[in-house]
Amino acid sequence: MLIIIYSETNQSNILENLGKPEYSYYFVLKEFRPVLERLGRVVEVTRPDEEVDQLYADCLGRGEDCVFLSFSPPHRTAAHYACPTIPVFAWEFSTIPTESWQGEPRHDWRVVLGATGMAITHSSFTVTSVREVMGVDFPIAAIAAPVWDRFAARGAMLAQRPTVDHMRLQLRGLLIDSRTTDLRPYGPPAHQAGTPLVLDGPAQDCELLLDGVIYTSVFNPYDGRKNWKDMISAFCTTFRDVADATLVLKLTHHDVTAALVDMLHHVYKNQSYRCRIVLIHGYLADADYERLVEATRYVVNSSYGEGQCLPLMEFMSCGRPAIAPLNTAMADYIDHDNAFVVDSTEELTAWPHDPRAAYRTLRYVTDWDSLCSAYRASYDVAKNDPERYRRMSAHAVRSLEKFCSQANAEQRLRAFFEDLTERRRNAQQP
């Protein structure tokens, strides 16, 4: 079988696209590729309109099966190819788009899914959302990006201590530490003083020293789903008098200048506190990223919903328990044995790419008091119950193995492709 793969973001444009809509599909494609290579011959294309059907015609000529995996949401998936096309997408809202706008029929996902006839997504939550519209028998599989093997191997080498003493990390970029940064320039206009930081200057070599109980979150600060304001305010409130609690925010975007001004305003207005907030924007070499994971005691998510959440999956695969909600894709791998679960409530919202901002779906709002409670309980475990921490760590590794290992993905993909082949043969019979 020839498996053609495509993502709008690729190796040549990832740096300029980092943080833009759909950029993370490239990382999902990269995680799937080694597994796909066990199932067939893989060709990555960058110009699908020119390449896909030519490759398909070549396969037909020699009697070889061929499929095109478009790592993109349905409204950005072309459905006019002769080659069987399968969108591979993430989704975190209660309903899929069932309306079109701006003269583009594909905004109604039923149009694309009806044309492709099959789909792959990353969670049972999304499978349910799709089948509520497309029918209970619509062939869609939940297959998570298989990150577990790579990160579990790292986790096996990392210490499982619930606290850390003096871990040094080197990075090239921008490092902002609430303990050493003058926050006065980021207060209300009437109270601003001092000189603001140079946020858009050339990258600098920095050193970060971490100790105590470290909480880490990795996200795009422009992504409105991530709800970092609650993450920061609940942390500062819970640990107002706790000097050895640190929240590290690793930001993923090619240009975070505007976002950093907003974030620093929130770090300012939550004063005063003895805990520590660290913002990192820049490149961490693999060794230093591993050291950040090693230093981290808990990975934090306070989002309104997730299509799968690669950073959360990566840290948990390394044995880092989570502070996270139990909803959307996270419900497939978060539980009370590997995480301090944060309550959430439903709230009306719009599909993110709908310019009308029409309320057609639900998101899941973090309960702020519950987030504070999760911070408080997790800190108590880190300081006073190392055996429970080790149990949570081990359970995180096991849970993520079931959810996002390469073995799991290979088994599900093989069954999916066999089903596709069978459907095509049946369709060709008179």
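Structure report, in brief. (Residues numbered from 1 in each chain as written. Predicted model: local features only at pLDDT ≥ 70, side-chain atom pairs only at ≥ 80, totals over all residues. Heavy atoms only, no water.)

## Some words on empty space enclosed by the protein
Right, so step 1: Considering all chains together, one arrives at two cavities of 30 Å³ or more under this definition.
Right, so step 2: The space that makes up the largest cavity amounts to roughly 110 Å³.
Right, so step 3: Residue lining of the largest cavity: 16 residues in total, with Ser217, Val218, Val300, Asn301 and Cys309 positioned closest to the centre.
Right, so step 4: Elements supplying a minimum of two residues to the lining of the largest cavity: strand E8 (204-219), strand E11 (298-300) and helix H10 (310-317).
Right, so step 5: By residue number, the principal contributor to the lining of the largest cavity is E8, which donates four residues.
Right, so step 6: Residue classes in the lining of the largest cavity are distributed as nine nonpolar, five polar and two charged. (1 Å grid on protein atoms, 1.4 Å probe; cavity = no way out; pocket = protein on both sides within 12 Å on 5 of 7 lines; lining within 4 Å. Points joined across faces, edges and corners; volume = space filled by probe spheres on them. Helix = DSSP H or I, 4+ residues; strand = E, 2+ residues; numbered from the N terminus. Nonpolar A, V, L, I, M, F, W, Y, C, P; charged D, E, K, R; others polar.)

## Remarks on unusual backbone geometry
Right, so step 1: Cis geometry marks the peptide bond from Gln271 to Ser272, where omega comes out at 0 degrees.
Right, so step 2: The residue Ser272 is located in the loop between helix H8 (257-269) and strand E10 (276-283) in this model.
Right, so step 3: In this structure, Gln102 takes a positive phi of about 55 degrees despite not being glycine.
Right, so step 4: Along the chain, the position of Gln102 falls in the loop between strand E4 (85-87) and helix H4 (109-116).
Right, so step 5: Positive phi outside glycine occurs at Cys309, with the angle close to 75 degrees.
Right, so step 6: Judged by relative accessible area, which is 10%, Cys309 ranks as buried. (Buried < 20%, exposed > 50% of the residue type's maximum accessible area, 1.4 Å probe, protein only.)

## A few points about the side chain of Asn327
Right, so step 1: Here Asn327 lies in the loop between strand E12 (322-325) and strand E13 (339-342).
Right, so step 2: Residue Asn327 is classed as buried on the basis of its relative accessible area, which comes to 7%.
Right, so step 3: Within polar-contact distance, the side chain of Asn327 engages the side chain of Thr328 at 3.0 Å.
Right, so step 4: Once residues within four sequence positions are removed from consideration, Asn327 is found in contact with Gly305, Ser344 and Tyr364. (Polar contact = N/O pair within 3.5 Å; in protein donor to acceptor, adjacent residues only side chain to side chain. Contact = heavy atoms within 4.5 Å.)

## Looking at the packing of aromatic side chains
Right, so step 1: For the coordinates displayed, the defined rule picks out 22 aromatic pairs.
Right, so step 2: Ring geometry for Tyr6 against Phe68: centres 6.5 Å apart, planes inclined by 40 degrees, an arrangement best described as tilted. With Tyr6 in strand E1 (residues 2-6) and Phe68 in strand E3 (residues 66-70), this residue pair connects regions lying 62 residues apart in the sequence.
Right, so step 3: Among the residues examined, Phe68 registers a relative accessible area of 2% and is labelled buried.
Right, so step 4: Ring centres 6.2 Å apart and planes at 20 degrees place the aromatic pair Trp101 and Trp351 in the stacked group. (Phe/Tyr/Trp six-rings, centres within 6.5 Å; stacked < 30°, edge-to-face > 60°.)

## Section: the pairing of E1
Looking along a regular strand, one sees side chains alternate from face to face of the sheet.
Right, so step 1: Most of E1 is tucked away: five of the five residues are buried.
Right, so step 2: What you see with E1 is no split at all: Leu2, Ile4 and Tyr6 on one side and Ile3 and Ile5 on the other are buried throughout.
Right, so step 3: Of the pairings in the sheet, the one linking E1 to strand E2 (residues 41-44) comprises four bridges and is parallel in character. If you follow Ile4 over to E2, its bridge partner there is Val43.
Right, so step 4: The pairing of E1 with E3 spans five bridges and is parallel. Across the sheet, Tyr6 pairs through a bridge with Ser70, a residue of E3. (Pairing = 2+ DSSP bridges.)

## Examining the side chain of His281
Right, so step 1: Structurally, the position occupied by His281 is in strand E10.
Right, so step 2: Apart from the residues within four sequence positions on either side, His281 is in contact with Gly173, Leu174, Leu251, His253, His254 and Val256.

## So, the packing of helix H7 (residues 228-238) against helix H11 (residues 368-384)
Right, so step 1: Running from N to C, H7 and H11 point in directions that differ by 55 degrees, and their axes come no closer than 9 Å. Put simply, H7 runs oblique to H11. The chirality of how H7 crosses H11 is right-handed. Residues Asp230, Met231, Ser233, Ala234, Phe235, Thr237 and Thr238 of H7 lie in contact with H11, whose contacting residues are Trp368, Leu371, Cys372, Tyr375 and Arg376.
Right, so step 2: Taken together, the residues of the contact of H7 with H11 break down into seven nonpolar, three polar and two charged. (Axes fitted to C-alpha atoms, helices over the stretch in contact; angles between N-to-C directions. Parallel < 35°, antiparallel > 145°, perpendicular 65-115°, else oblique. Left-handed = near helix turned anticlockwise from the far one by under 90°.)

## Let's talk about the environment of His265
Right, so step 1: Among the secondary structure elements, His265 is positioned in helix H8.
Right, so step 2: Contact partners of His265, with chain neighbours within four places excluded, come to Tyr186, Gly187 and Pro188.
Right, so step 3: Among the polar contacts listed, one links the side chain of His265 to the backbone oxygen of Tyr186, at a separation of 2.9 Å.

## Things to note about the sheet that holds E1
Right, so step 1: Across the sheet, which stays open at both edges, the four strands sit in the order E2-E1-E3-E4 with parallel pairing between neighbours. Bordering the open sheet on either side are E2 and E4, each of which pairs with just one other strand. Strand after strand, the sheet turns through a mean of 25 degrees between neighbouring axes, direction not considered.

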